[in-house]
Amino acid sequence: MPYTRSPVARCLPLFVAALTMLGGSVAAQADATLDKIQQRHRVVVGVLLSGGPFGSIDPMTQKPKGLNVDLAEDVARQLGAEVELVPVLPANRVQFLQQGKVDLLIANMEWTVERGEQLGFVPTPFYRVGGTAAVLKDSAITRWEDLKDQPVCTSQGSSYIKPLTGFGADIKAFKSSSESLLALRGNNCVAAVHDATLINPLVAEGPEWQNYRAISPELNPAPSVIWTRPGETDTQARLDSIVKGWHRTGWLIDAEKRHHISPPSPALVELHDKFQAAGA
Amino acid sequence: MTHLLELLVQTAARFGLNYGFLLDAYQRASLVNGALTSIALCAVTIVGSLAAGLLLASMLTSGRVWIARPARVFIEVTRNTPTLVQLYCAFLVLNMLLTQAIGTANPLTPFAWVVIVISLHKGAFHAEALRAGIEAVPAVTLEAASSLAFNSRQLLWNVQLPLALRFALPSLINNLIDLVKMTAVASAIAVGDITYASIMIWTQSDNVLELMILLLAFFGLLSFIVNCAGRALEARLRMPGYAH
Amino acid sequence: MPTDYPAAASISWPRRHPGKLLLAVIVVLWMAFGAPVNPAFVALLEWSPALASGFGQNIVISLLAIALGSVAGLMIGALSASPFRVARLPARIWVQVFRNAPWLVLIYFTTYVFPFELHIGTTWIAFPDWVKVTLGLALPASANVAEVFRGAMASIPDTQWEASRSLAFTRGQIVRSIILPQCFKRMLPPWMNLYAVITMGTALASLVGVHDLIDTAQIASNTVNRTGFTVLIYFSVLGLFFAWCYPISRLTQRLERRYAFS
């Protein structure tokens, strides 16, 4: 539910910062999202730009590009609105959504039970991925349980922190995957845990990562969904039909190939078949 | 103890502040550990920065160009670049290169890197203050000392440095207070200080304001302690004729 | 001042700084022949417009923060020098709080606690993250400017006050026509020093997700994924900040030397 503060707590930052210009304003509370989108003809989508095929920046134009960006743009196109992309971090994406700064989140955020209770989501997932750990080839770690009491790098706000704490790992959370991977290369942790779509291409390609391997099975493979604020059933239903359309037409599989995402997710093929069979 | 905490949480709740994490043993333990790590970080870095400052100041005033020039270049580079970027370059880049060179024998932990980077950064500021102090020692005193057959090392250690320290003490104390505040950047490389512990808690439960108040109180307290210690030291080291 | 120019002024610049000249020649030769074949350097060139625009964001934040901080700091400094205790006390508290708070904590505070949109009347004004970081930096800037102002006022000898009072100036006239003009000259070097420190403080903006130079460098390093490029880009970030702050610190030193005699 939206985070509400008592009037005293709301005045505290004003008092401390002594910014009188905020005297007449009120913290923004989101309206029914679909109405707001149609009224403003603009949909604000939070996307994760960590570098990599899902979200990064094109150095020529300095504009965001990647699978997350394509999804956001297509959603906007089908809703008949302009898209406004807001880069988010795993540490602040939930807050941005709850505060109303973004209307939707397409941010590599997999569904978990806790998140499903806190936020709203579109029932049909658009991807399915789990976590994997990059470790040194000659390391003793082959299973997730081997990570007990070992330093493990990940990103702040990642959904893998909870299961890793369950395994007893000593979590070192960085602002983004970039620093976490560099910390692994500097031997400050025995493993770096991120989405399999980030780690697998890394250890498969080129000279830099040849001393590393990924462990399997994937940790908590979970569907990636589009997140909305809780209770936004109209928005969720509308987006659900858009996502089903993506699966049915095979557009998502093409987008995955176009961005060279590997390994290709078997879930996309399953869902494509399922929705093609269900109805044209 | 827990009863006291519960009372605290309830009074805070009346102001609309959610301090519930104080009642959760895991989160409370991580905060306490974070506070202890911060204090340890401050203590080690204060000592390290003073040592680095002393070394750099003596290099600067040695009078020999091939010693003074590299010291000056180092000081200018560290003073004119942000600490965070220096920390990233040291921890993400140099550490990675070091590991590639010597493998798993790399002994430097993130804590060690933070200590090294902040000590060198603040050491540059200390060096400037000490250099101004060394140059403020009256020439007459130095001539008198060298006429008593002090060699240049004895001159530095027994005459220049004690006086320079007293002249530079207010600046040094200011720098040390800045250093205490600067240790907050250790959270950027996941060192486990109090700022990092707070970030871990608020990314799970969204009670940023409450944790901010805690952090501001903690750092305010640390700065206050350093300030009081500094003023006590100033009072003890006061010289007749220079007191104000 | 005539005493600044030793006999070395008669020797030309190239002969006075042989080391710097040699270094410049080596760099130019390497950039002309060695660099274009190096893939890390090619990638760096490809990303340099993105880096430049990220650095532009840092500079905008720093300029705005020092402007806001100076305006607020002058008012608070004036308050703290007021003869009335009820005006002095809040100013002293403001200065104490914001000088003792870590800048990182203040930036997290302004970013997470303030709303992202302001509702004034019927319009909604966006309150972007970089503006919040600017406010977060303007707070300690104002405290420091207030202290610098107070120090400058205190460094004016009492005789100025006494002489002007004996000429029947009111307190307001003394401050405005006699004390302040002298203060501004003395405030200039520490103020410029503060500006350099604030520019370095804008690096913290990357930790709250503002799309600045360091954030761009991290995305680039993740996208290109080559060690040589990572090393190069992090050191280029260092170099960019140095290139901006070092001239400011040199100018500050020159101004300090010039005003030391007046």
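What comes next is a walk through the structure.

Rules used throughout
- Residues numbered from 1 in each chain as written.
- Chains lettered and ligands numbered in written order.
- Predicted model: local features only at pLDDT ≥ 70, side-chain atom pairs only at ≥ 80, totals over all residues.
- Helix = DSSP H or I, 4+ residues; strand = E, 2+ residues; numbered from the N terminus.
- Buried ≥ 20, exposed ≤ 12 C-beta atoms within 10 Å, placed from the backbone.
- Contact = placed C-beta atoms within 7 Å.
- Rg over C-alpha atoms; globule rule 2.2 N^0.38 Å.
- Expected span 1.5 Å × (residues − 1).
- Bend = angle between axes of the 7 residues up to and from the residue.
- Axes fitted to C-alpha atoms, helices over the stretch in contact; angles between N-to-C directions.
- Parallel < 35°, antiparallel > 145°, perpendicular 65-115°, else oblique.
- Left-handed = near helix turned anticlockwise from the far one by under 90°.
- Nonpolar A, V, L, I, M, F, W, Y, C, P; charged D, E, K, R; others polar.
- Core = buried A, V, L, I, M, F, W, Y, C linked by C-beta atoms within 7 Å.
- Domains from an automatic or database assignment.
- Pairing = 2+ DSSP bridges.

1. Topic: the overall build of chain B
What chain B contains, in helices and strands, is 9 helices and 0 strands. Shown N-terminal to C-terminal, the secondary structure of chain B runs as helices and strands in the order α-α-α-α-α-α-α-α-α. Its C-alpha atoms give chain B principal-axis dimensions of about 70 × 50 × 25 Å. Of all 244 residues assigned to chain B, the portion counted as buried reaches 39%. Excluding contacts between residues fewer than 6 apart, the proportion of contacts in chain B whose partners are at least 24 apart in sequence is 74%.

2. Re the overall build of chain C
Across its full length, chain C holds 10 helices and 2 strands. Going from N to C terminus, chain C has its helices and strands arranged as α-α-α-α-α-β-β-α-α-α-α-α. Its C-alpha atoms give chain C a radius of gyration of 24 Å, clearly above 18 Å, the size a compact globule of 262 residues would have. Along the first, second and third principal axes, the C-alpha set of chain C runs to 75 × 65 × 30 Å. Every one of the 262 residues in chain C was classed for burial, and the buried ones make up 39%.

3. Examining helix H4 (residues 83-102) of chain B
All names here are of chain B. Helix length check: H4, at 20 residues, gives a terminal C-alpha distance of 26 Å against a target of 28 Å (1.5 Å per residue), a fit within 8%. By the largest-angle criterion, Leu94 marks the main kink of H4, which is about 30 degrees. Buried within H4 we find Thr83, Leu84, Val85, Gln86, Leu87, Tyr88, Phe91, Leu92, Val93, Asn95 and Met96.

4. Things to note about the packing of H4(B) against helix H5 (residues 110-135) of chain B
All names here are of chain B. Where H4 meets H5, the closest approach of the two axes is 10 Å, and the angle between their N-to-C directions is 135 degrees. Between H4 and H5, the angle falls in the class oblique. Once H4 is placed against H5, the crossing between them reads as right-handed. Between H4, through Thr83, Gln86, Leu87, Ala90, Phe91 and Asn95, and H5, the contact on the second element is made entirely by Pro110, Trp113, Val114, Ile116, Val117, Ile118 and His121. Along the lines of polarity and charge, the residues of the contact of H4 with H5 split into 9 nonpolar, 4 polar and no charged.

5. Some remarks on the interface of chain C and chain B
At the interface, 27 residues of chain C touch 25 residues of chain B. Elements represented by at least two residues in the side of chain C that touches chain B include exactly helix H5 (103-113), helix H8 (171-201) and helix H10 (227-259) of chain C. The element contributing the most residues to the side of chain C that touches chain B is H10(C), with 11 residues. Considering only residue class, the side of chain C that touches chain B consists of 24 nonpolar, 3 polar and no charged.

6. Some thoughts on the interface of chain C and chain A
In this assembly, 27 residues from chain C lie in contact with 28 residues from chain A. Only helix H3 (39-80), H5, strand E1 (117-120) and helix H9 (213-224) of chain C provide two or more residues apiece to the side of chain C that touches chain A. Sorting elements by how many residues they give to the side of chain C that touches chain A places H9(C) first, with 6 residues. The residue makeup of the side of chain C that touches chain A, split by class, is 14 nonpolar, 10 polar and 3 charged.

7. Things to note about the nonpolar core
Among the nonpolar cores identified, the biggest contains 201 residues, and A:Val47, A:Val152, A:Ala191, A:Ile226, B:Val114 and C:Val105 are the most heavily contacted of them. Element by element, the count of residues in this core is highest for helix H6 (residues 129-155) of chain C, at 13 residues. Composition of this core by domain shows at least three residues from each of domain 1 (28-126 + 225-278) and domain 2 (130-221) of chain A. Leaving out residues up to four positions away in the same chain, B:Val114 has contacts with B:Leu41, B:Leu87, B:Ala186, B:Ile189 and B:Val191.

8. With respect to the environment of B:Met59
Residue and element names in this part refer to chain B. With respect to the element layout, Met59 can be found in helix H2 (residues 25-60). By the C-beta count within 10 Å, which is 19 here, Met59 ends up partly exposed. As for Met59 and Ala127, which are separated by 68 residues in sequence, their C-alpha atoms are 9.3 Å apart.

9. Considerations on the environment of C:Leu64
The residue C:Leu64 is located in helix H3 in this model. In the structure, C:Leu64 is positioned 33 residues away from C:Met31 in sequence and 35 Å away in space, judged by C-alpha atoms.

10. Things to note about unusual backbone geometry
A positive phi angle, close to 65 degrees, is found at A:Asn187, a residue other than glycine. Mapped onto the elements, A:Asn187 comes out in the loop between helix H7 (177-185) and strand E10 (191-195). Classification of A:Asn187 as buried rests on a count of 20 C-beta atoms within 10 Å. Phi is positive for C:Ala168, which is not a glycine, with a value near 65 degrees. Relative to the helices and strands, C:Ala168 is located in the loop between helix H7 (158-166) and H8.

11. Remarks on the environment of C:Ile179
Here C:Ile179 lies in helix H8. In this structure the C-alpha to C-alpha distance between C:Ile179 and C:Pro157, which are 22 residues apart in sequence, comes to 9.8 Å.

12. A word on the pairing of E10(A)
Residue and element names in this part refer to chain A. Within E10, 5 of the 5 residues are buried, leaving the element largely enclosed by the surrounding structure. Both strand E7 (residues 127-136) and E10 contribute to a ladder of 5 bridges, which runs antiparallel. Each bridged residue has a counterpart across the sheet, and for Gly131 the counterpart in E10 is Asp195. Pairing of strand E8 (residues 151-155) with E10, which is carried by 2 bridges, proceeds in the parallel orientation.

13. What to know about the packing of helix H9 (residues 233-249) of chain A against helix H11 (residues 266-278) of chain A
All names here are of chain A. Between H9 and H11, the shortest axis-to-axis distance is 7 Å and the interhelical angle comes to 100 degrees. Our classification of the angle between H9 and H11 gives roughly perpendicular. Contact with H9, carried on its side by Lys244, His247 and Arg248, involves Leu271, His272, Phe275 and Gln276 of H11 and no other residues of that element. Residues that form the contact of H9 with H11 fall into these classes: 2 nonpolar, 3 polar and 2 charged.

14. Here's the deal with the pairing of E8(A)
All names here are of chain A. Most of E8 is tucked away: 4 of the 5 residues are buried. Where E8 meets strand E9 (residues 170-174), 5 bridges bridge the pair, whose relative direction is parallel. Considered in E9, the bridge of Cys153 is made with Lys172.

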